[in-house]
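Spelled out, the chains give:
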Amino acid sequence: MYTVAQLIGGVWGAGGEGGELVVRDPADDSPVATVPVATADEVGKAVEAARGAAADWAATDPAERAAALHRAADAVEAAADELAAATTAEMGKPLDDARGGVAAGIGTLRQYAELGPLRGGRTLHGGHGALDFMTPEPRGVVAAITPWNDPVAVSCGLLGAALVTGNVVLYKPSERTPVTGWLLARALDSALPAGVLSLLTGGAEVGAALAGQEVDVVAHVGSTATGRAIAAAGARTGAKVLLENGGSDPLVIDSGVDPVWAADQAALGCFANAGQICVAVERIYVHRDVAEDFVDALVQRAEALTVGPGREPGTQLGPLVDRRHRDHVHGQVTAAVAEGARIRTGGELPDGPGAFYPATVVADCRHEMALVREETFGPVAPVVVVDSFSEGLRCAADSPYGLAATVLTGSMSHAHRAWRDLPVGTVKVNAVFGGAPGGAAQPRRGSGQGFGYGPELLDEFSTVKTVHIEAPGGGHW
Ligand code: NAD
């Protein structure tokens, strides 16, 4: 059982007058941690204290900030096992996946430590006697509000990029994974000057209080509804708002594609992390020619998964994050069935403790169903049969979201049409996951705004000043 503490104004254990919340293990409902809840007043004081530390951190040499971030990455590495175990205990994912998320986070911290000092400004060609240049500066105070589904990897991206560019950060991890957030903040803080990083814990009300403060940037990774509330708050305060939000990523399967390989891809995209990945496959448009064999093979994949607590070796499908989320997932599945969809496997709430939900394949879906159009964020594969690749692309493009999309096709011209036509940030051809290091995309529509990762995130956390210098009186120095 963990006891989480906040970090405000460089002091661990500060505040928490807003009460306490208890986190439970979604595998067996056992208590994992007690967590303080910040009051609005504490949030205000934390922002004020952070503002007080901002000028010194901004004036630190970029190379020194980079060295601090490397030391922070070392500290996270030393805590890696504990971080992975806490993630699994709090949100249920298989331990190996949790370890992978921690390793990804450490890698991101190191990348930003290397890239931070390399990013300069521009010199300009002004008058002969003048000096004109553009130089990046920190934005100041950054609020980083993060989700639970891959808590270390996501948080390290925002925190690493914001810190190395010279911003002070108020970190508000998800109320579903506060232990992971606390362990991460402890490791990072051990390598940073006091006051540069703050940790506020609690639920939506703490996030809302933070987003309503006079900070310079609010960076939010989470649901679309929350992102919109934060954008509205930013419009009132003038803070820059960076949003990486929900998605309903399509998978379009062309005719002529091997249906068994397509099922492997779909199973990976739909069921990894129990479907709780921002770029999980959320809807499948399969060509009629291969649909039957594809669905049969996908059902086999779903039924072959080893289900269990994430901490048990060999588990491939852990529980969902909690029962509230399970109700949301099951509600969408039952609504689709009521509208004529057919469950081929799964779709039933299991007996017993925890928030387990089976890998579920739903056939005979229609594009208009909420299960298809909305984000489900569960281990569910809704299948819509289409009569042409064009129809699949049209349906894929018709979405309130614009995060990512995958097509499986043997046709080069179809592959090129797909990446040109799909209005999303990332297009993948013939692989549901993957991509080169350093790639960064801008989500579209309900999926957010701004770069949430990659070298471009360093620019998002910086602002640019243009300077023009002349000698006095138009003469010489
Ligand atoms: P969420 O938006 O409910 O919560 C995320 C964070 O926002 C939490 O810390 C929460 O306390 C806080 N929050 C909630 N309401 C708030 C408000 N009104 N004002 C300010 N803060 C508030 O999201 P979640 O359920 O934790 O995460 C799942 C969602 O995150 C999914 O939609 C998923 O697609 C998305 N996600 C997106 C990406 C991406 O890169 N696009 C990555 C991971 C997760």
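Analysis parameters
- Residues numbered from 1 in each chain as written.
- Predicted model: local features only at pLDDT ≥ 70, side-chain atom pairs only at ≥ 80, totals over all residues.
- Heavy atoms only, no water.
- Pairing = 2+ DSSP bridges.
- Helix = DSSP H or I, 4+ residues; strand = E, 2+ residues; numbered from the N terminus.
- Axes fitted to C-alpha atoms, helices over the stretch in contact; angles between N-to-C directions.
- Parallel < 35°, antiparallel > 145°, perpendicular 65-115°, else oblique.
- Left-handed = near helix turned anticlockwise from the far one by under 90°.
- Contact = heavy atoms within 4.5 Å.
- Domains from an automatic or database assignment.
- Buried area = accessible area lost by both parts, 1.4 Å probe.
- Salt bridge = Lys/Arg side-chain N within 4 Å of Asp/Glu carboxyl O.

Residue-level account of the sheet that holds strand β6 (residues 122-124), with values.
Taken together, the 3 strands give an open sheet; going across it, the order is β6-β7-β23, and neighbouring strands pair in antiparallel fashion. The open sheet is flanked by β6 and β23 (462-469), the only strands paired with a single partner. The sheet shows a mean angle of 25 degrees between the axes of neighbouring strands, direction not considered. Pairing geometry for β6 and strand β7 (residues 131-138), over 3 bridges, is antiparallel. Looking at β7, one finds that Arg122 is bridged to Met134.

Hey, could you go over the packing of helix α3 (residues 80-91) against helix α4 (residues 95-115) for me, with residue numbers and the actual values?
Packing of α3 against α4 brings their axes to within 8 Å, and their N-to-C directions diverge by 130 degrees. On the basis of the axis angle, α3 is oblique to α4. For the pair α3 and α4, the sense of crossing is right-handed. Contacts between α3 and α4 involve Ala80, Asp81, Leu83, Ala84, Ala85, Thr87 and Thr88 from the first element and Leu95, Ala98, Arg99 and Val102 from the second.

So, the domain arrangement of the protein: which residues are in play, and what are the values?
The domain architecture assigned to the protein consists of domain 1 (2-245 + 447-466) and domain 2 (249-429). Taken residue by residue, the interface counts 20 residues in domain 1 and 25 residues in domain 2. Summed over both partners, the interface of domain 1 with domain 2 comes to about 1,800 Å²; 49% of that surface belongs to carbon and sulfur atoms. Sorting the residues of domain 1 by area buried against domain 2 places Ala27, Arg176 and Ser447 first, and these three jointly supply 28% of that buried surface. On the surface where domain 1 and domain 2 come into contact, there are 3 salt bridges. Between Arg311 and Asp25 there is a salt bridge; the shortest N-O distance is 3.0 Å.

So what about the sheet that holds strand β14 (residues 281-287)? Which residues, and what values?
Across the sheet, 7 strands lie side by side as β15-β16-β17-β14-β13-β19-β20; this open sheet has mixed pairing. Each of the sheet's edge strands pairs with one partner strand only, and the pair in question is β15 (342-345) and β20 (426-429). Within the sheet, the average angular offset between the axes of one strand and its neighbour, ignoring direction, is 25 degrees. Inspection of the sheet shows β15 paired to strand β16 (residues 360-363) by 3 bridges, in the antiparallel sense.

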